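Structure at a glance
The lines below spell out each chain.
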Amino acid sequence: GDFLMHPHGGTMRKASRRWRARRGSTLLLVMLMLPVFLIPLVGLAIDGTMLYIVQSKLQSACDGAALGAGRLIGTKADPAEIAGELLNVNFPTGWWGTQHLVPTITATNALGVHTVDVNAEVDVPLLFMRVLGKPKSMVSADAVATRKDTRTVMVLDRSGSMDNVIGGTNVFDTMVASAKLFAGMMTP
């Protein structure tokens, strides 16, 4: 006949039918896994990477804003205003499609401790996860700069040895000029 015997019983034609049935069920399983598991995983990987990049840029902008405003503490500049300007420069509007940047900037002075706190939140549009009904996600960053008031006391020697003249100038006068130069380097 046209049937060959299989070692485990049955015929080769029956084994071939079973193999095709298994191959069809594997194809059906892969087709079901594609929308349920694979696309969401790829979407999560791509959107997660995008969120990470935006959050890193936002954190860097907040850090720069807090440090830049912190350097101006003790001057006539408004630290909160300066921090806001620095944040906007370092995180441009619409960067990577972001929307609704909401900065919260506070500058406080409590018992000689000046603090600039920069917090920012922004909406990031998602590419793949919007298929699952999540069109955007919010990322945030926070940075704080603190500076303490310091008091500097200089003691100048007024003893007789300071009345000496070296190189045509009085030692005491040179010391006073140097002390004024040093004090001028400090913020008021």
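Residues numbered from 1 in each chain as written. Predicted model: local features only at pLDDT ≥ 70, side-chain atom pairs only at ≥ 80, totals over all residues. Heavy atoms only, no water.

1. Observations concerning the side chain of Asp47
Of note, Asp47 is situated in helix α1 (residues 12–71). Of the side chains with opposite charge, Arg130 comes closest to the buried, unpaired Asp47, at an N-O distance of 7.1 Å. In this structure the side chain of Asp47 is engaged in a polar contact, spanning 3.1 Å, whose partner is the backbone nitrogen of Phe128. Not counting the four nearest positions on each side in its chain, Asp47 is found in contact with Leu126, Leu127, Phe128 and Met129. (Helix = DSSP H or I, 4+ residues; strand = E, 2+ residues; numbered from the N terminus. Buried < 20%, exposed > 50% of the residue type's maximum accessible area, 1.4 Å probe, protein only. Lys, Arg positive; Asp, Glu negative; His and termini not counted. Salt bridge = Lys/Arg side-chain N within 4 Å of Asp/Glu carboxyl O. Polar contact = N/O pair within 3.5 Å; in protein donor to acceptor, adjacent residues only side chain to side chain. Contact = heavy atoms within 4.5 Å.)

2. So, the pairing of strand β2 (residues 113–125)
Where strand β1 (residues 99–110) meets β2, 10 bridges bridge the pair, whose relative direction is antiparallel. Opposite Thr104, over in β2, you have Asn119 as the bridge partner. Turn length for the β1-β2 hairpin, with the two strands adjacent in sequence and antiparallel, is two residues, and the turn residue Leu111 shows positive phi of about 55 degrees. Two strands pair when backbone bridges link them, and β2 and strand β3 (residues 136–148) are joined in this way by 13 bridges, in the antiparallel orientation. Across the sheet, residue Val116 finds its bridge partner in β3, namely Ala145. (Pairing = 2+ DSSP bridges.)

3. Quick look at a nonpolar patch on the surface
A contiguous nonpolar patch, built from Leu29, Met33, Phe37, Leu38, Leu41 and Leu44 and spanning about 580 Å² of accessible area, is present on the exposed surface. With respect to the secondary-structure elements, Phe37 resides in helix α1. (Patch = residues over 30% accessible without salt bridge, like charges linked within 9 Å, V, L, I, M, F, W, Y side chains within 5 Å. Areas by Shrake-Rupley, 256 points an atom, 1.4 Å probe, with all protein chains shown as cover.)

4. Side note on the sheet that holds β3
Within the open sheet, the three strands sit side by side as β1-β2-β3. Their pairing is antiparallel. Lying at the two open borders of the sheet, with one neighbouring strand each, are β1 and β3. Recorded for the sheet is a direction-independent mean angle of 10 degrees between the axes of neighbouring strands. Each of β1 and β2 is contacted by helix α2 (residues 79–90), which is oriented at about 150 degrees to β1, the strand it contacts most. (Axes fitted to C-alpha atoms, helices over the stretch in contact; angles between N-to-C directions.)

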